[in-house]
Amino acid sequence: VRKGQLVFSQIRATDGAIGIVPPTMDLALVSGSYYVFDVGNEEETAYLWAVLRSHELRADMQSQSPGSGRYVTYWKNIEKLLVPMLAEDKRRSIGKALMDTWKGLREIEESKAKALAEIVDVLDLESEESIKRWRASKANTKNNSAGWGLNGQDLFYRKTRRSVQGSTKPKA
């Protein structure tokens, strides 16, 4: 497959198993149980992805698909789908909005990963020293009800006490 192509699973299309090949998967191999489409441009591909994953189109596919639980969608049924095609400028506008949203979501995920990596670095987590601290705290959980070493019962008590009015500490 090539980046930007639309891939369509024969087995789970009715569950929305329709995707766009990302740049990281360019020239990857896919199973023969996928249909692969060249739509033309990124915006049109994003528009078609959204329409094919809509409840209405998936219901149309499911009504023509044999199976129960794992519906199979055959090419002969795909070519019969009535896909709503708006005017080209509207399709491109919708597709661009989707692509901009995906870009924003990627940026959010990258920002989150950077922040989490900073926490690991600043707190010296995932290091040999951190593992030693964690193990030491586990060895002393019986008498430690604050900080790193909550035992399971105290943790359960604190969680349920917040959620259940008037609960008492469970007996050991």
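For the structure, see preceding data.
About the criteria used
- Every chain is numbered on its own, with residues counted from 1 as its sequence reads.
- Per-residue local features are limited, in this predicted model, to residues with pLDDT of at least 70; the limit for side-chain atom pairs, both in listing and counting, is 80 or more; totals at the level of whole chains, interfaces and linings are taken over all residues.
- Each side-chain value is derived from all of the structure's non-hydrogen atoms; neither hydrogens nor water enter the calculation.
- Strands are runs of DSSP state E lasting at least 2 residues, helices are runs of H or I lasting at least 4, and numbering of each runs from the N terminus.
- Note on exposure labels: buried denotes an accessible area under 20% of the residue type's maximum, exposed denotes more than 50%, and partly exposed covers the range between, all computed with a 1.4 Å probe on protein chains only.
- Using the Shrake-Rupley algorithm and a 1.4 Å probe, accessible areas are obtained, with residue cover drawn only from the displayed protein chains.
- For this analysis, a nonpolar core means a set of buried residues of the types Ala, Val, Leu, Ile, Met, Phe, Trp, Tyr and Cys, connected via side-chain atoms within 4.5 Å.
- We call two residues in contact when some of their heavy atoms are within 4.5 Å.
- Pairing between strands is defined by DSSP: at least two bridges between the two strands are required.
- Axis angles are defined between N-to-C directions and span 0 to 180 degrees, where every axis is a line fitted to C-alpha atoms and, for a helix, only to the segment in contact.
- Every angle not falling under 35 degrees, over 145, or within 65 to 115 is termed oblique; those three ranges are roughly parallel, roughly antiparallel and roughly perpendicular.
- The nonpolar class holds Ala, Val, Leu, Ile, Met, Phe, Trp, Tyr, Cys and Pro. Asp, Glu, Lys and Arg form the charged class, and all remaining residues, Gly among them, are polar.
- Centres within 6.5 Å make a pair out of two Phe, Tyr or Trp rings, where for Trp the six-membered ring is used; the pair is then stacked when the planes are under 30 degrees apart, edge-to-face when over 60, and tilted otherwise.
- The distinction between a cavity and a pocket rests on a 1 Å grid over the protein atoms alone: a 1.4 Å probe fits inside a cavity but cannot get out, while a pocket stays open yet meets protein on both sides within 12 Å along at least five of seven lines, and a residue with an atom within 4 Å of a point counts as lining.
- Grid points are joined across faces, edges and corners, and a volume is the space filled by probe spheres set on the points.

Asks: Would you explain the overall build of the protein chain in this entry?
Replies: The number of helices and strands found in the protein chain is 6 helices and 3 strands. When the helices and strands of the protein chain are read in sequence order from the N terminus, they spell out β-β-β-α-α-α-α-α-α. Counting every position in the protein chain, which comprises 172 residues, the buried fraction comes to 23%. Of the roughly 12300 Å² that the protein chain leaves accessible, carbon and sulfur atoms contribute 55%.

Asks: It is not clear to me how the nonpolar core should be interpreted in this structure. Could you clarify?
Replies: Leu6, Phe8, Ile18, Leu52, Leu57, Met61 and Leu81 are the most contacted members of the largest nonpolar core, which totals 14 residues. Mapped onto this core, the elements with two or more residues apiece are β1 (6-9), α1 (42-52) and α2 (55-63). Of all the elements, α1 adds the most residues to this core, at 5 residues. The contacts of leucine 57, once residues within four sequence positions are left out, are Val51, Leu52, Leu81, Leu82, Val83 and Pro84.

Asks: Teacher, can you tell me more about the sheet that holds strand β3 (residues 34-37) here?
Replies: What holds strands together in a sheet is hydrogen bonding between their backbones, with the strands either parallel or antiparallel. Taken in spatial order, the 3 strands of this open sheet run β2-β1-β3, and their pairing is antiparallel. Edge positions in the sheet fall to β2 (18-20) and β3, since each of these pairs with one other strand and no more. In this sheet, adjacent strand axes meet at a mean angle of 20° when their direction is disregarded. Sheet topology note: the β1/β2 ladder contains 3 bridges and is antiparallel. Bridge pairing in β2 places leucine 6 opposite isoleucine 20.

Asks: Even after reading the chapter, I still don't get the packing of α1 against helix α4 (residues 88-122), so can you show me in this structure?
Replies: A pair of packed helices is captured by two measures, namely the crossing angle of their axes and the spacing between those axes. It is the contact of α1 with α4, at a shortest axis distance of 7 Å, that shows an interaxial angle of 85°. Regarding the angle of α1 to α4, the classification is roughly perpendicular. Contacts from Glu42, Glu43, Glu44, Ala46, Tyr47, Trp49 and Ala50 of α1 reach α4 at Glu88, Arg91, Arg92, Ile94, Gly95, Lys96, Leu98, Met99 and Trp102. Classifying every residue of the contact of α1 with α4 gives 8 nonpolar, 1 polar and 7 charged.

Asks: Honestly, the side chain of serine 130 in this entry has me stumped. Any pointers?
Replies: Within the secondary structure, serine 130 sits in helix α5 (residues 128-139). Its relative accessible area of 10% is what places serine 130 among the buried residues. Not counting residues within four places of it along the chain, the set of residues in contact with serine 130 comprises Asp124 and Leu125.

Asks: Explain the packing of aromatic side chains to me, please; I cannot follow it from the model alone.
Replies: When we look at a pair of aromatic rings, we describe it by the centre distance and by the angle of the planes. Using the criterion set out here, one finds 5 aromatic pairs in the structure. Where tyrosine 35 meets tryptophan 75, the ring centres are 5.6 Å apart and the plane angle is 50°; that geometry is what we call tilted. Of the two residues, tyrosine 35 is situated in strand β3 and tryptophan 75 in helix α3 (residues 75-78); the sequence distance between them amounts to 40 residues. Relative to tryptophan 102, the ring of tryptophan 49 lies with its centre 5.0 Å away and its plane at 85°, an arrangement referred to as edge-to-face. Within this pair, whereas tryptophan 49 is found in helix α1, its partner tryptophan 102 is found in helix α4, the two being separated by 53 residues in sequence. These aromatic residues form a ring-pair network of at least three members: Phe8, Tyr35, Phe37 and Trp75.

Asks: For this particular structure, what's the right way to read the layout of surface pockets?
Replies: Using a probe with the size of a water molecule, rolled over the atoms, empty space left in the structure can be pinpointed. One number sums up the size of the largest pocket: a volume of about 530 Å³. In terms of lining, the largest pocket is formed by 20 residues, of which the most central are Ile20, Val21, Pro23, Glu42 and Met99. Listed by contribution, the elements that provide at least two residues to the lining of the largest pocket are α1 and α4. No other element matches α4, which puts 6 residues into the lining of the largest pocket. A per-class count over the lining of the largest pocket returns 7 nonpolar, 6 polar and 7 charged.

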